[in-house]
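Per-entry structural report
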Protein chains: 2
Amino acid sequence: MTTAASAASGRDLPHPAREEIRLESVLHALSDPMRLQVVRELAAESDELSCSHFDLPVTKSTTTHHFRVLRESGVIRQIYRGTAKMNALRSDDLDDLFPGLLDSVLGAAARQAARLGSG
Amino acid sequence: MTTAASAASGRDLPHPAREEIRLESVLHALSDPMRLQVVRELAAESDELSCSHFDLPVTKSTTTHHFRVLRESGVIRQIYRGTAKMNALRSDDLDDLFPGLLDSVLGAAARQAARLGSG
DNA sequence: GACGTACTACGATGTCTATCGTACAAGGCG
DNA sequence: CGCCTTGTACGATAGACATCGTAGTACGTC
């Protein structure tokens, strides 16, 4: 059944519209250490990153699960690019909905990492 | 022996020290609608509030549970005052650890409430 | 078409969590 | 002292979730 709608690359992923993003879901998505780490790396690179770029200490199945949670909560946007799936922060949508929130969380995460790493 | 801990009212509650507060735990505590509502009311009053002040749509057992999650994550401080248990935001500790985080979350919650309430 | 890479889907599992109900403890008040 | 108000403790329960393993799909390359 390769005749299905293959616009750009065949598969498309469901994303919540900007207005559908819920604060509680975003906070829940960010409250997992694994996912927070992913978000920090995405923010640091300020560019699309493939799922395989991340070397998380879990299996690929679990990695897929975490990326889905991030996508369905509206934190990241995912698109297929060939066999790879690229991930990017939805900074613009989040900043529009919740100004300063993402920066505060990223700053807090950096502070905590520095505090726990050095002391 | 028994005279040791009974400074004000006899019972004392375990709180995490400021350095023990973890960002992930704070985000998780705030990701529950019930608890986020409690935090919003506490921030609005800027004063101690008893547990019974909150009229949550759950039983008292569940309310106790939510307040414990907030306390153990370091978001609120609880002290006994007679039969009542007073609750206050740990704004100073949170602001010191994660500058701007609490304000961003509160602002985001207010924005979302306004958006969902008016639209 | 065959093969490898990248990621997914599904089922299983153990843990966590939000909820309830009932029984109980601590403190104020008549 | 009895009684009420306030909140706790404990057990139960249903749902969510993080994790895994295996099998499978989509895509690029040879």
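Quick look at the structure, then. In this text the structure is predicted, and so the values were computed from the model without any measurement.

1. Section: the pairing of strand S2 (residues 76-81) of chain B
Residues and elements named next belong to chain B. A one-sided burial pattern is seen for S2, the buried positions being Ile-76, Gln-78 and Tyr-80 and the unburied ones Arg-77, Ile-79 and Arg-81. Of the strand pairs in this sheet, S2 and strand S3 (residues 84-89) are connected by six bridges, and their pairing is antiparallel. Across the sheet, the residue bridging to Arg-77 is Ala-88, located in S3. The antiparallel pairing of S2 with S3 creates a hairpin that spans two residues between the two strands, and Gly-82 there sits at a positive phi of about 70 degrees.

2. Quick notes on the nonpolar core
Core analysis: the biggest nonpolar cluster contains 56 residues, and Val75(A) and Val75(B) have the highest contact counts within it. In this structure Val75(A) touches Val26(A), Ala29(A), Leu30(A), Val39(A), Leu70(A), Ala88(A), Leu89(A), Arg90(A) and Leu94(A), once residues within four positions along its chain are discounted.

3. Section: the relation of the copies chain A and chain B
Mapping chain A onto chain B leaves a residual RMSD of 0.0 Å; the transformation is a rotation of 180 degrees accompanied by 0.0 Å of translation along its axis. A rotation of that kind, with that shift, is consistent with a two-fold axis.

4. Remarks on the interface of chain A and chain B
The interface is formed by 25 residues belonging to chain A together with 25 residues belonging to chain B. For the chain A and chain B pair, buried surface summed over both sides reaches about 2,100 Å², with 62% attributable to carbon and sulfur atoms. A per-residue breakdown of the area chain A buries against chain B is headed by Glu24(A), Leu27(A) and Gln112(A), which together make up 23% of the total. Our enumeration of links across chain A and chain B arrives at zero salt bridges. The tally of links from chain A across to chain B stands at seven residue pairs in polar contact (both at pLDDT 80 or more). Sorting the residues of the side of chain A that touches chain B by element identifies helix H1 (23-30), helix H2 (33-45), helix H4 (91-97) and helix H5 (101-118) of chain A as the ones contributing at least two each.

Reading the values: rules and limits
- Within any chain, residue numbers begin from 1 and follow the written order of that chain's sequence.
- For this description, chains carry letters from A and ligands carry numbers from 1, given in the order in which they are written.
- At least 70 in pLDDT is required for a residue's local features to be given in this predicted model, at least 80 for side-chain atom pairs to be given and counted, and no such filter applies to totals for whole chains, interfaces and linings, which use all residues.
- Calculation of side-chain values draws on the structure's entire complement of heavy atoms; hydrogens and water are dropped beforehand.
- Here's how the labels work: a residue is buried when its accessible area is under 20% of the maximum for its type, exposed when over 50%, partly exposed in between, all with a 1.4 Å probe on protein chains only.
- Runs of E in the DSSP output that reach at least two residues are strands. Runs of H or I that reach at least four are helices, and both are numbered from the N terminus.
- Between any two strands, pairing holds if DSSP finds at least two bridges.
- What makes a nonpolar core is a set of buried Ala, Val, Leu, Ile, Met, Phe, Trp, Tyr and Cys residues whose side-chain atoms join them at distances within 4.5 Å.
- What makes two residues a contact is simply this: any of their non-hydrogen atoms within 4.5 Å.
- Superposing copies: least-squares fit, C-alpha atoms only, residues required to have pLDDT of at least 70 in both.
- When two parts are brought into contact, each loses some accessible area as probed by a 1.4 Å sphere; the total of that loss over both is the buried area.
- Salt bridge, as used here: a side-chain nitrogen of Lys or Arg that lies within 4 Å of a carboxyl oxygen of Asp or Glu.
- Distance and chemistry together define a polar contact, namely a pair of N or O atoms within 3.5 Å, with one atom able to donate a hydrogen and the other to accept it when in protein, and with adjacent residues in sequence counting only for side-chain atoms on both sides.

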